[in-house]
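Listed below, chain by chain, are the residues.
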Amino acid sequence: VQLQASGGGSVQVGDSLRVSCVASGRTIEYYSMGWFRQAPNKEREFVAGISLMSGDTTMYADFARDRFTISRDNAENTVYLLMNSLRPEDTAVYYCAAGAFNGPYYRGSNYYDYWGQGTQVTVSS
């Protein structure tokens, strides 16, 4: 599975942005999907995860809950992360990942098998 993240950019505080992750090579329907981010001089951290197939289970980091929404479109082989009310501390490179697991392991980066190259999100005040 090859993952291509896109949609990042430079926005203002309070703006919204949707980043996308398009997969190729294999359907992502049977993969749990996640978004992680890495800010300068910080470790990569979990943002959000969504279960395989129907995506009826989602999980969010505390900072993302109530502001971010993860979703998937298996027909388009794409996962989205909609980010609202963006803050300067959301500035980071956002990575998507695919994992062949079924269960509440979304926070663990080691559970993911494939990673995209990342897309930069910059939030200015």
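Residues numbered from 1 in each chain as written. Predicted model: local features only at pLDDT ≥ 70, side-chain atom pairs only at ≥ 80, totals over all residues. Heavy atoms only, no water.

(A) Examining the overall build of the chain more closely. The helix and strand inventory of the chain stands at zero helices and 11 strands. The globule rule puts the C-alpha radius of gyration for 125 residues at 14 Å, and the 13 Å found for the chain is close to it. Seen through its principal axes, the chain has C-alpha atoms that stretch 40 × 25 × 25 Å. Counting over 125 residues, the chain shows a buried share of 48%. Of the contacts made within the chain by residues no fewer than 6 positions apart, 57% connect residues no fewer than 24 positions apart. Summed over all atoms, the accessible surface of the chain reaches about 6,200 Å², with 44% contributed by carbon and sulfur. On the chain, the mean spot of the 10 positive side-chain charges and the mean spot of the 12 negative ones are 3 Å from each other. (Helix = DSSP H or I, 4+ residues; strand = E, 2+ residues; numbered from the N terminus. Rg over C-alpha atoms; globule rule 2.2 N^0.38 Å. Buried < 20%, exposed > 50% of the residue type's maximum accessible area, 1.4 Å probe, protein only. Contact = heavy atoms within 4.5 Å. Areas by Shrake-Rupley, 256 points an atom, 1.4 Å probe, with all protein chains shown as cover. Lys, Arg positive; Asp, Glu negative; His and termini not counted. Charge placed at Lys NZ, Arg CZ, Asp CG, Glu CD.)

(B) Geometry of the state of the cysteines. Scanning the model with the defined rule gives one disulfide in all. Bridging Cys-21 to Cys-96, the disulfide has an S-S length of 2.1 Å. Across the S-S bond linking Cys-21 and Cys-96, the dihedral sits near 65 degrees, which makes this disulfide right-handed. Within this pair, whereas Cys-21 is found in strand 3 (residues 17–24), its partner Cys-96 is found in strand 9 (residues 92–99), the two being separated by 75 residues in sequence. (Disulfide = S-S within 2.5 Å.)

(C) Region of the structure containing the sheet that holds strand 8 (residues 78–83). Pairing in this open sheet of four strands is antiparallel, and the strands run 1-3-8-7 from one edge to the other. A single partner strand is all that each edge strand has here, and the edge strands are strand 1 (2–6) and strand 7 (68–73). Averaged over all adjacent pairs, the angle separating strand axes in this sheet is 15 degrees, with direction ignored. Relative to strand 8, strand 3 runs antiparallel, the two sharing six bridges. (Pairing = 2+ DSSP bridges. Axes fitted to C-alpha atoms, helices over the stretch in contact; angles between N-to-C directions.)

(D) Highlighting the environment of Ala-23. Residue placement: Ala-23 occurs in strand 3. Note: C-alpha distance between Ala-23 and Arg-107 (84 residues apart in sequence) is 20 Å. Not counting the four nearest positions on each side in its chain, Ala-23 is found in contact with Val-1, Gln-2, Leu-3, Ile-28 and Asn-77.

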